[in-house]
Amino acid sequence: METKVAVGAQPSGMRIGAQPSGMRIGAQPSGMRIGAQPSGMRIGAQPSGMRIGALPSGMRIGAQPSGMRIGAQPSGMRIGAQPSGMRRSWRMKRIYLDHAATTPVRPEVVEAMLPYLRERWGNPSSLHADGSTALEGVERARGHVASLLGAQPDEIIFTGSGTEADNRALIGVSAAYAEKGRHIITSMIEHHAILDTAKFLERMGARVTYLPVDSAGRVDPASVREAMTEDTVLVSIMHANNEVGTVQPIDEIGAICRERGVLFHTDAVQTAGHLPINVREAHIDLLSLSAHKLYGPKGVGALFVRKGRRLPSFVHGGGQERGRRASTENVPGIVGLGEAARLAAGEMESESAHNAALRDRLIAGLLDRVSEVRLTGDPVRRLPNNASLCVAGAEGESLLLNLDLEGISVSSGSACASGSLEPSHVLLAMGIPADVARGSLRVTVGRDTTPEEISRFLEVCPTVVDRLRKMAPLSPA
Amino acid sequence: MRGTACPLNWVKTKLQLEEMSAGAVLEVLVDDGSPARNVPRSVCMEGHLLLETSVVSDGVRLLIEKR
């Protein structure tokens, strides 16, 4: 450090000149926010000082007026005086790598939603201006979601979730086309929202074929064609798998369905807003999506239903959503979904490139630093943000919990499977033995993920794996 | 907007106008009756210019200039 450092407890924040990046440090009795730290920061408001872990020079910053020593931070740390309310320290130092489970709500989305909580809270079905103001928000959002998919606005039904959309697609088509047939084709690796609904329909008398997948988790379009009968009314194949990231050949599958006069539904919960989708080109008849997977709020999803396809009312009552889903609309949620969709449409390419680069570095880094680990899912046709692996000799849940203690959020198997000891049905369907499948780890990056966070993950993960392997020295399968 | 009830007919018209640049003209067909009264009123309240209203075979035709 050079000259003229003014150090003291100043409410307005101090600038310390010798930092090439212009660090500002304010002495806050209640704590500080340090921006460029990927993880492992402990910030205490104790007079005894704070340790900031990721600094090579071992900085100690104490909230005393008696002086601070700051090491050179090339990455431009800002320690700001936050009068408006501090972010809690646990959020500051955590690394979030579980975007397949959920994504943070973008600030622009929050901004778009707020007026519909504060002022425009009318019921969209009311005829007065309070109602039509809210209706406007809903219809504008409908347009954005439709654009994202290459659909018409009146082909979009807002639902409470992607799961609800999945349920409705299967149950609705099954009911509406019952006189045509009772056979449904799906795959073994669908999300439980599809599989459990299919099992429910089987109990109601439908016949369901669960198509196998190859070792990369891919559905062969030929197997769809082979499974079709005169009795088939619906094929439902997810656009990309949430656990292993494999992207399915939905264009080909859609074409086969169109040729045979069978409806095609795809669960696009992991892909809407991330991979380009054109429902007309891909011959998609129904599609499910979920707001909280594309940086929107939880509690809202959408179902695309191509014009002309029959779908009976699923929630009965007030006739909202063209009579197909009654209940007063979740206006703020829908507005949030619309804004998230609008933003995603413009950023898909850059987001994919950003995510894929981080994902690839993460995968290469892990394969390099950890022995007996394998990538699961298609190595090429996979979601740009998905790094799913199986680690021999370590248990997925333990990996997850240990990484959690290091401030890193990841997943083992799917979010739904966390907490259960069963190996993932997806991995088993791909032919991965159960004991290997138990060591599964799913790391999914997002638009806010930084290279520093990946570096931190690559530092921490091998150590965690080693520790777990030493603790439970079973020979890896 | 034929067959579309109030206020959805106005809401959709308004959203369409939002996408247009000032000075552009939008042609809207609405049903006779309440829509033909309500939509023009909303157009003017919103500050756009109603250039023309004419009765056609299947409803009422409105020409709206975006302001």
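Predicted model, so just to flag it, every value in this text is computed and none were measured.

Criteria and thresholds
- Residues numbered from 1 in each chain as written.
- Chains lettered and ligands numbered in written order.
- Predicted model: local features only at pLDDT ≥ 70, side-chain atom pairs only at ≥ 80, totals over all residues.
- Helix = DSSP H or I, 4+ residues; strand = E, 2+ residues; numbered from the N terminus.
- Buried ≥ 20, exposed ≤ 12 C-beta atoms within 10 Å, placed from the backbone.
- Contact = placed C-beta atoms within 7 Å.
- Rg over C-alpha atoms; globule rule 2.2 N^0.38 Å.
- Domains from an automatic or database assignment.
- Nonpolar A, V, L, I, M, F, W, Y, C, P; charged D, E, K, R; others polar.
- Pairing = 2+ DSSP bridges.
- Axes fitted to C-alpha atoms, helices over the stretch in contact; angles between N-to-C directions.
- Core = buried A, V, L, I, M, F, W, Y, C linked by C-beta atoms within 7 Å.
- Parallel < 35°, antiparallel > 145°, perpendicular 65-115°, else oblique.
- Left-handed = near helix turned anticlockwise from the far one by under 90°.

Thoughts on the overall build of chain A
Secondary structure summary: chain A contains 13 helices and 19 strands in total. The proportion of buried residues among the 477 residues of chain A is 48%. Within chain A, residue pairs in contact and separated by at least 24 positions form 69% of the contacts whose partners lie at least 6 positions apart.

Quick notes on the overall build of chain B
Assigned secondary structure in chain B consists of two helices and three strands. Relative to the 2.2 N^0.38 estimate, which gives 11 Å for 67 residues, the radius of gyration of chain B is 11 Å and therefore close to what a compact globule would have. Expressed as lengths along the three principal axes of its C-alpha atoms, the size of chain B is roughly 30 × 20 × 15 Å. A burial count over chain B gives 25% of its 67 residues as buried. Restricting the contact set of chain B to residue pairs at least 6 apart, pairs at least 24 apart contribute 57%.

Focus on the domain arrangement of chain A
All names here are of chain A. Considered domain by domain, chain A is made up of domain 1 (1-87), domain 2 (107-344) and domain 3 (349-471). A straight line from the C-alpha centre of domain 2 to that of domain 3 covers 28 Å. Of the residues lining the interface, 19 residues belong to domain 2; the matching set on domain 3 comes to 20 residues. A breakdown of the residues in the side of domain 2 that touches domain 3 according to their chemical character gives eight nonpolar, nine polar and two charged.

Some thoughts on the interface of chain A and chain B
In this complex, chain A contributes seven residues to the contact, which on the side of chain B involves eight residues. Looking at the side of chain A that touches chain B, its residues break down into two nonpolar, two polar and three charged.

Things to note about the sheet that holds strand β3 (residues 59-65) of chain B
All names here are of chain B. Ordered in space as β1-β3-β2, the three strands form an open sheet in which the pairing is antiparallel. Every interior strand has two partners, whereas the edge strands, β1 (25-30) and β2 (49-56), have only one. Neighbour-to-neighbour, the strand axes of this sheet turn through a mean angle of 20°, independent of strand direction.

Observations concerning the sheet that holds strand β17 (residues 386-391) of chain A
All names here are of chain A. Taken in spatial order, the three strands of this open sheet run β16-β17-β19, and their pairing is antiparallel. Where the open sheet ends on each side, the last strands, each with one partner, are β16 (373-375) and β19 (440-444). Strand after strand, the sheet turns through a mean of 25° between neighbouring axes, direction not considered. The pairing of β16 with β17 spans three bridges and is classified as antiparallel. By the bridge assignment for β17, Leu375 is matched with Leu389.

Topic: the nonpolar core
Residues and elements named next belong to chain A. Residues Ala302 and Phe304 are the most contacted members of the largest nonpolar core, which totals 115 residues. When residues in this core are grouped by element, the largest group, 11 residues, is from helix α9 (residues 331-369). When residues are assigned to domains, this core turns out to be shared by domain 2 (107-344) and domain 3 (349-471), each giving three or more.

Regarding the packing of α9(A) against helix α13 (residues 451-471) of chain A
All names here are of chain A. In contact at an axis separation of 10 Å, α9 and α13 are set at 20° when each is read in the N-to-C sense. The orientation of α9 relative to α13 falls into the category roughly parallel. The chirality of how α9 crosses α13 is right-handed. Of the residues in α13, those in contact with Leu358, Arg361, Leu362, Gly365, Leu366 and Arg369 of α9 are Pro451, Ile454, Phe457, Leu458, Cys461 and Pro462. Grouping the amino acids of the contact of α9 with α13 by side-chain chemistry returns nine nonpolar, one polar and two charged.

A short note on unusual backbone geometry
The peptide bond linking B:Cys6 to B:Pro7 adopts the cis configuration, its omega dihedral lying at -10°. Among the secondary structure elements, B:Pro7 is positioned in the segment before α1 (8-18). For A:Ser327, which is not a glycine, the phi torsion comes out positive at approximately 110°. Mapped onto the elements of the fold, A:Ser327 is located in the loop between β15 (301-305) and α9.

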